[in-house]
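Residues per chain, in single letters:
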Amino acid sequence: MNRRALALALITAACFPGAATGAVDEQTRESLLTVNGSRIAGADREPGNWLSHGRTYSEQRFSPLAQVDADNVDELGLAWFFELPTRRGQEATPLAVDDVLYVTGSWSMVFALDARSGEELWRYDPAVPRSTGKNACCDAVNRGVAVWEGKVFFGTLDGRLIALDAITGDKLWERVTVDQSKPYTITGAPRVVKNKVIIGNGGAEYGVRGYVSAYDVDTGEMIWRFYTVPGNPADGFESAALERAAGTWTGEWWKLGGGGTVWDSMAYDPELDLLYVGVGNGSPWNRKLRSPGGGDNLFLSSIVALRPDTGEYVWHYQTTPADNWDFTATQHMILAELEIGGERTPVIMQAPKNGFFYVLDRRDGRLISAENFVPVNWASHVDQETGRPVETIDSDYQETPRLTFPSAIGAHNWQPMSYSPLTGLVYIPAMEVPATYGGDLVFPRPSAYWQTGTDLSIATTPMALGPDIERSLIRRLIKSYLLAWDPVRQRAVWRVAHEHPWNGGVLSTAGGLVFQGDAMGFFSAYRASDGERLWQAPANNGIVAAPISYEVDGDQYVAVLAGWGGSLALHGGAANDPAVGGATGRLLVYRLGAAGQPPPGPAPLPAIPEPPELTADDELGTPERLGVVALGERDGGGCRSLVTVEAAVAAQGLRRSASM
C-alpha cells in the first residue's frame, strides 16, 4: 500500500466507521417519534432542525439560523466529513432531525449519522441491481429521505418505496411502486402529508406513463394514484380530469407511453390543503410523433394541484403546452407570500427548464407573471391573458434543425433554488446551455435507447466536443451563474458567474448569506444582498447537491454533499474529468472555528479505450453524422461546420432576460 492510499485508509477508518456503530439516546428516540405534520408545518419554531426536503412544506430552503453571518463566515471550517462508498453522483438533501442526520447516496443507500460528530449510527443498502442503471436517464442518484413518526422513507432506483425504523435502520415495510418490467426509476425524495407518503417516478425518455402515488405510512398500502397523462381511451379513464385531458391528445399516444413522470419537485400548503406536483416531459419529446394531430397534451410540463387525501385534481398550470424539447416542470417549486398590487398574495414560484420564471396564485393556478430569466428563442414571451408562451419560428425543428436556447439541460434543472423572505429574492442555479434539435431519422428506436423522437447526434452540447472546441464554445455560448431574481419585479438583481455549468443547489440564511457548491469542487458563501463572495472552501469534488443548515448544542452547522454527477456529467462528456468529478462522494459539515481538511480529490481512472469505428451500415447512422457534432443546422450529408455557430446565434434572435 502506497503512502497516499494508507493515508486515505486511515482517514476513512476515522470518518467512515462501520455500520451501526453508534447509538441514539433516549431523548432523541422519543423526539423522533413526534415528527409529524404539525412539526413540519411549524418548522420555524425549531430552526435548528431540517425536518423536510425543503426544510418546510413551503420548500423555501431558507434557514432562520443567523449565528453564521456576513461578518464571521470567513471563520467557517470543516468540522467533520463522511465518505460514501461510491464515485457516482450525489444529489441528496440531508435531513437534520433531533441531532441525527439522515442522508442518501447513489444507488439509493441510506445513512444515519450523529449530527455533532459524523459518527455512523446505521446504514441501509437496498441492494439495487446495478443493471437498473441502464434505465436511469441521469445517473444512479437519489435526492433524499422523508422522516415521519419514527420512520424513514425513501425510494429506490428500481422503483421500490421502503420504510425504515429511524432509530435502528431496520426495514419495516417495502412496496414496489412501478411495473418493474418497464424502465421506471425513482430518484426523487418522497414527501409525507397527512400520514401519506407521496412518491413519483422517472423514465419518460424510455417510453413510460407517469403518475404520482400515496401510501399509508404504517402499512405501505397504496391509498391513491394520480396519472399525469391519459391512457388508452378504450380502457376507460381513471378520473374525470384525465378524460378531459384526453381531449388534448391525438393519435395513439398511449402506445408510446406519453411520459409526464413526476420525478422530483413537490410542495404542500397546509392551509389550502393542496399538494403541488411538478410534471415532466412528453414521451417522446417530439410532439409531432407523440400527438400528430396537435393538442396541448395535458398534463405534461405542468404544475398540478391535488387533494392529498384522495389525489383529486383541483387545478393545473401548463408551463410548456405540447412540450417539444424536454422542458419539464419538475423543477423546484416554492410557496411564499408576496405583495402583488398592494396585496399579500399566496404564490407558488417555479423556474423550470424552459427559461421563464413563473409566479402563480397558488389558490387557483392563475398566472400572475412570467418573464424569462435566461436568454430564450423558442418563445417570444408568455401571454398574460392566456398564460401561454408565444412560440417563434425557432420552435419548429421538424424540417430544419434549430439551435435552441435553452436546451434539454434546462435554464434551471433539478438543483434546488432558494427564497429568502428577508431579501425577497429567489436564488437560482441558472444555466445558458443551448443545443440543436432536429427530427429523428430513425424512430422508434430499440427499447434500450432513449425514445425522444429527436436527432440526438446533433443535440450534443459543446461539453462533449473535445477540450479545444469546448473552451472556445463555452466562452461564446455556455454560461452558468448563481442568479438573484426579484419575483415581484421579475428582474435580475445580481449574478455570480461560474466557470462550468451544472453547479449545486442553493441555501439562503437569516445570516444574510447564500451558500452554493460548484462543479469545480468549491463550496462558497455569498452576501445575499449583492452576491459578493465572502468565503470559499475546497471540497475536492464537484458539488451538485443543495446545502442545509442545522444547530446542535448552540452551534450552527452547514452541510452539503459533494459528488459530481447527474445528467450533464453523463451526457456532457465530463463525468470523469478530474477537475470536476471522479472522487468518492462525501458529506462535508462546517461550523465556526473548525479547522478540518477535506479528503483528497479523485484518483486517476483507467483510460477508456477508443470505440471501434462505425460504418455506414451501423444502426445509429453514418460515421459522418456521428463524428461531427455541430450547433448549427445540418445539411443532407451530415452537419455544418462549427463556424456556423455564431451566425446561427445572430440569425435566431434571442429573448434576453430582464436587465439588472
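Structure: see above.
If you're wondering where the values come from, they're calculated on a predicted model, not measured in any experiment. (Residues numbered from 1 in each chain as written. Predicted model: local features only at pLDDT ≥ 70, side-chain atom pairs only at ≥ 80, totals over all residues. Heavy atoms only, no water.)

## A word on the overall build of the protein
For step 1, the next point in the chain: Summing up its helical and strand segments, the protein has 10 helices and 39 strands in all.
For step 2, the next point in the chain: Relative to its full complement of 660 residues, the protein shows a buried share of 61%.
For step 3, the next point in the chain: A sequence separation of at least 24 residues applies to 62% of the contacts in the protein between residues at least 6 apart.
For step 4, the next point in the chain: Accessible area of the protein: about 23300 Å², with a carbon and sulfur share of 51%. (Helix = DSSP H or I, 4+ residues; strand = E, 2+ residues; numbered from the N terminus. Buried < 20%, exposed > 50% of the residue type's maximum accessible area, 1.4 Å probe, protein only. Contact = heavy atoms within 4.5 Å. Areas by Shrake-Rupley, 256 points an atom, 1.4 Å probe, with all protein chains shown as cover.)

## Looking at the nonpolar core
For step 1, the next point in the chain: Core analysis: the largest hydrophobic core is formed by 105 residues, its most contacted members being Tyr102, Phe515 and Tyr550.
For step 2, the next point in the chain: The element best represented in this core is strand E38 (residues 555–562), accounting for 6 residues.
For step 3, the next point in the chain: Formed by 48 residues, the second largest nonpolar core is a distinct cluster that contains Val359, Leu360, Val376 and Ala379. (Core = buried A, V, L, I, M, F, W, Y, C linked by side-chain atoms within 4.5 Å.)

## Quick word on the state of the cysteines
For step 1, the next point in the chain: Inspection of the entire model under this criterion finds 1 disulfide.
For step 2, the next point in the chain: In this model Cys137 forms its disulfide with Cys138; the gap between the sulfur atoms is 2.3 Å. Sign of the S-S torsion, about -95° for the bond between Cys137 and Cys138, identifies this disulfide as left-handed.
For step 3, the next point in the chain: Using a relative accessible area of 22% as the deciding quantity, one classes Cys137 as partly exposed.
For step 4, the next point in the chain: For Cys138, a relative accessible area of 22% gives the class partly exposed. (Disulfide = S-S within 2.5 Å.)

## Structural notes on the pairing of strand E14 (residues 222–227)
For step 1, the next point in the chain: In terms of strand pairing, strand E13 (residues 211–216) meets E14 through 5 bridges, oriented antiparallel. Note on E14: the bridge partner recorded for Ser213 is Arg225. (Pairing = 2+ DSSP bridges.)

## As for the sheet that holds strand E6 (residues 120–124)
For step 1, the next point in the chain: Taken in spatial order, the 4 strands of this open sheet run E3-E4-E5-E6, and their pairing is antiparallel. In the strand order of this sheet, the two ends are held by strand E3 (95–97) and E6, each with one partner. Averaged over neighbouring strand pairs, the angle between their axes works out to 15° when direction is ignored.
For step 2, the next point in the chain: Pairing analysis gives 5 bridges linking strand E4 (residues 100–104) to strand E5 (residues 110–114), with the strands arranged antiparallel. The partner of Leu101 across the bridge, within E5, is Leu113. (Axes fitted to C-alpha atoms, helices over the stretch in contact; angles between N-to-C directions.)

## Describing the pattern of salt bridges
For step 1, the next point in the chain: In total, this model carries 32 salt bridges according to the counting rule given.
For step 2, the next point in the chain: Where Arg39 meets Glu46, a salt bridge forms, and the shortest distance between an N and an O atom there is 2.6 Å.
For step 3, the next point in the chain: Residue classification places Glu46 among the partly exposed positions, given a relative accessible area of 21%.
For step 4, the next point in the chain: Connected via shared salt-bridge partners are Asp158, Arg160, Lys171 and Glu174. (Salt bridge = Lys/Arg side-chain N within 4 Å of Asp/Glu carboxyl O.)

## With respect to the packing of aromatic side chains
For step 1, the next point in the chain: According to the stated counting rule, one finds 29 aromatic pairs in the structure shown.
For step 2, the next point in the chain: Seen from their ring centres, Trp325 and Phe327 are 5.2 Å apart, and the 25° between their planes marks the pair as stacked.
For step 3, the next point in the chain: Classification of Trp325 as buried rests on a relative accessible area of 0%.
For step 4, the next point in the chain: Given the relative accessible area of 0%, Phe327 is considered buried.
For step 5, the next point in the chain: Seen from their ring centres, Phe523 and Trp535 are 5.8 Å apart, and the 85° between their planes marks the pair as edge-to-face. (Phe/Tyr/Trp six-rings, centres within 6.5 Å; stacked < 30°, edge-to-face > 60°.)

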